[in-house]
Amino acid sequence: AQSVAQPEDQVNVAEGNPLTVKCTYSVSGNPYLFWYVQYPNRGLQFLLKYITGDNLVKGSYGFEAEFNKSQTSFHLKKPSALVSDSALYFCAPEGGYNKLIFGAGTRLAVHP
Amino acid sequence: EPEVTQTPSHQVTQMGQEVILRCVPISNHLYFYWYRQILGQKVEFLVSFYNNEISEKSEIFDDQFSVERPDGSNFTLKIRSTKLEDSAMYFCASRTRSGGAYNEQFFGPGTRLTVL
């Protein structure tokens, strides 16, 4: 069965510090990989994606993600967190017929 | 910037009633999806739709569910006889392709369905 693991329910970080939100997945083939962010009472906003090529991909709002094929991981990172980054983050590899398989989400809390 | 829109934002219905959730995907997109998120749980895939037919559906998408693209702009999800457990946030998404690769899915703001 295809699955996504986001092992941390919540990540707390001080503003200005680097952040990492972890994701590992179990999906057959070489899936496209996505990160989405959800702010309160809002839909899902696309952050970044990995399709092929460089293992480090850059996305919106200064976020980047590192793909590791041997570990089937796709961790989200940002060098310097902002309070406004506080939100719910979802890792979502793509399964068959282009459906997204979502992780449980990780709540990022950035403290001033 | 183009966006996916959904109506209504909140729908309250009685168990056993039919509901139709409406979505207007981004105009040049060809692939359409419905997902749902039960409160406190992960987002789950329901169905994908391309070229006027279902590409894939999950086990959640049983005979009570149907999708339709009745005209060139709307994409609807119908639940024929709602159950309490259908209460959830329903998200519509659309995407296109460029250069042979699929682009990211763009999500609407969601419709919160409450079944009483």
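Calculation notes
Residues numbered from 1 in each chain as written. Chains lettered and ligands numbered in written order. Predicted model: local features only at pLDDT ≥ 70, side-chain atom pairs only at ≥ 80, totals over all residues. Heavy atoms only, no water. Core = buried A, V, L, I, M, F, W, Y, C linked by side-chain atoms within 4.5 Å. Buried < 20%, exposed > 50% of the residue type's maximum accessible area, 1.4 Å probe, protein only. Helix = DSSP H or I, 4+ residues; strand = E, 2+ residues; numbered from the N terminus. Contact = heavy atoms within 4.5 Å. Salt bridge = Lys/Arg side-chain N within 4 Å of Asp/Glu carboxyl O. Pairing = 2+ DSSP bridges. Axes fitted to C-alpha atoms, helices over the stretch in contact; angles between N-to-C directions. Buried area = accessible area lost by both parts, 1.4 Å probe. Polar contact = N/O pair within 3.5 Å; in protein donor to acceptor, adjacent residues only side chain to side chain. Phe/Tyr/Trp six-rings, centres within 6.5 Å; stacked < 30°, edge-to-face > 60°.

Asks: Sorry, what's going on with the nonpolar core here?
Replies: If you look at the biggest cluster of nonpolar residues, it comprises 28 residues, and the most contacted ones within it are A:Trp35, A:Leu47, A:Leu48, A:Phe74, A:Leu76 and A:Tyr89. Those elements that place two or more of their residues in this core are strand E2 (10-14), strand E3 (19-21), strand E5 (33-38), strand E6 (44-50), strand E8 (64-68), strand E9 (73-78), strand E10 (87-93) and strand E11 (106-111) of chain A. Formed by 23 residues, the second largest nonpolar core is a distinct cluster that contains B:Leu21, B:Cys23, B:Trp34 and B:Cys92.

Asks: Hey, could you run me through the environment of A:Phe67 in this one?
Replies: Residue and element names in this part refer to chain A. On the secondary structure map, Phe67 appears in strand E8. Look at Phe67 and you get buried, because its relative accessible area is 10%. A sequence separation of 29 residues divides Phe67 from Gln38, and the C-alpha atoms of the two residues are 22 Å apart. Beyond its immediate stretch of four places on either side in the chain, Phe67 contacts Tyr25, Leu33, Tyr50, Asn55, Ser73 and Phe74.

Asks: Which parts of the structure should I look at to understand the pattern of salt bridges?
Replies: Any two side chains of opposite charge can pair, on the condition that their charged atoms come close. If you walk through the whole model with that rule in mind, you get seven salt bridges over all chains. Two residues, A:Asp85 and A:Lys78, come together in a salt bridge whose shortest N-O distance is 2.7 Å. We note that A:Asp85, like A:Lys78, is buried. Notably, a salt bridge pairs B:Arg36 with B:Glu44, separated by 3.3 Å at the nearest N-O pair. A residue is classified by how much of its surface remains accessible, and B:Glu44, at 24% relative accessible area, is partly exposed.

Asks: Sorry if this is basic, but what is going on with the sheet that holds E10(A) here?
Replies: Hydrogen bonds along the backbone pair up the strands of a sheet, which may run parallel or antiparallel. Residues and elements named next belong to chain A. The mixed open sheet is built from five strands, whose spatial order is E2-E11-E10-E5-E6. Sheet topology places E2 and E6 at the edges, where each strand pairs with a single neighbour. Sheet twist, expressed as the mean angle between neighbouring strand axes with direction ignored, is 25 degrees. Pairing geometry for E10 and E11, over three bridges, is antiparallel. Paired with Tyr89 across the strands is Thr106, a residue of E11.

Asks: Explain the interface of chain B and chain A to me, please; I cannot follow it from the model alone.
Replies: Often, the extent of an interface is quoted as the loss of accessible area upon association of its parts. Across the boundary between the two partners, chain B contributes 19 residues, which contact 21 residues of chain A. Overall, the association of chain B and chain A removes approximately 1,700 Å² of surface from exposure, summing both partners, and the carbon and sulfur fraction of that is 55%. If you look at where chain B meets chain A, you find three salt bridges. Two residues, A:Lys49 and B:Glu104, come together in a salt bridge whose shortest N-O distance is 2.9 Å. Put simply, chain B and chain A have six residue pairs in polar contact (both at pLDDT 80 or more) between them.

Asks: Is there a simple way to explain the environment of B:Ala88 in this structure?
Replies: Residues and elements named next belong to chain B. Secondary-structure assignment places Ala88 in strand E9 (residues 88-95). Assessed through its relative accessible area of 3%, Ala88 is described here as buried. The spatial distance from the C-alpha of Ala88 to the C-alpha of Asp63 is 18 Å, given a sequence separation of 25 residues. Every residue in contact with Ala88, bar those within four places of it in the chain, is listed here: Arg36, Gln37, Ile38, Thr111, Arg112 and Leu113.

Asks: Help me out: how do you make sense of the packing of aromatic side chains in this one?
Replies: Ring pairs (aromatic) are described by centroid distance and by the angle formed between their planes. Counted under the stated rule, the structure contains 21 aromatic pairs over all chains. With a centroid separation of 6.5 Å and 55 degrees between ring planes, the pair formed by A:Tyr50 and A:Phe74 is classed as tilted. Of this pair, A:Tyr50 sits in strand E6 while A:Phe74 is found in strand E9, placing the two residues 24 residues apart along the sequence. For the ring pair A:Phe102 and B:Tyr35, a centre distance of 5.7 Å and an interplane angle of 85 degrees mean the geometry is edge-to-face. A residue pair is termed interchain when its members come from two chains, as with A:Phe102 in the loop between E10 and E11 and B:Tyr35 in strand E4 (residues 31-37). Each member of the pair, A:Phe102 as well as B:Tyr35, is classed as buried. Three or more aromatic residues joined by ring pairs form one cluster here, namely A:Tyr32, A:Phe34, A:Tyr36, A:Phe46, A:Phe90, A:Phe102, B:Tyr33, B:Tyr35, B:Phe45, B:Phe91 and B:Phe107.

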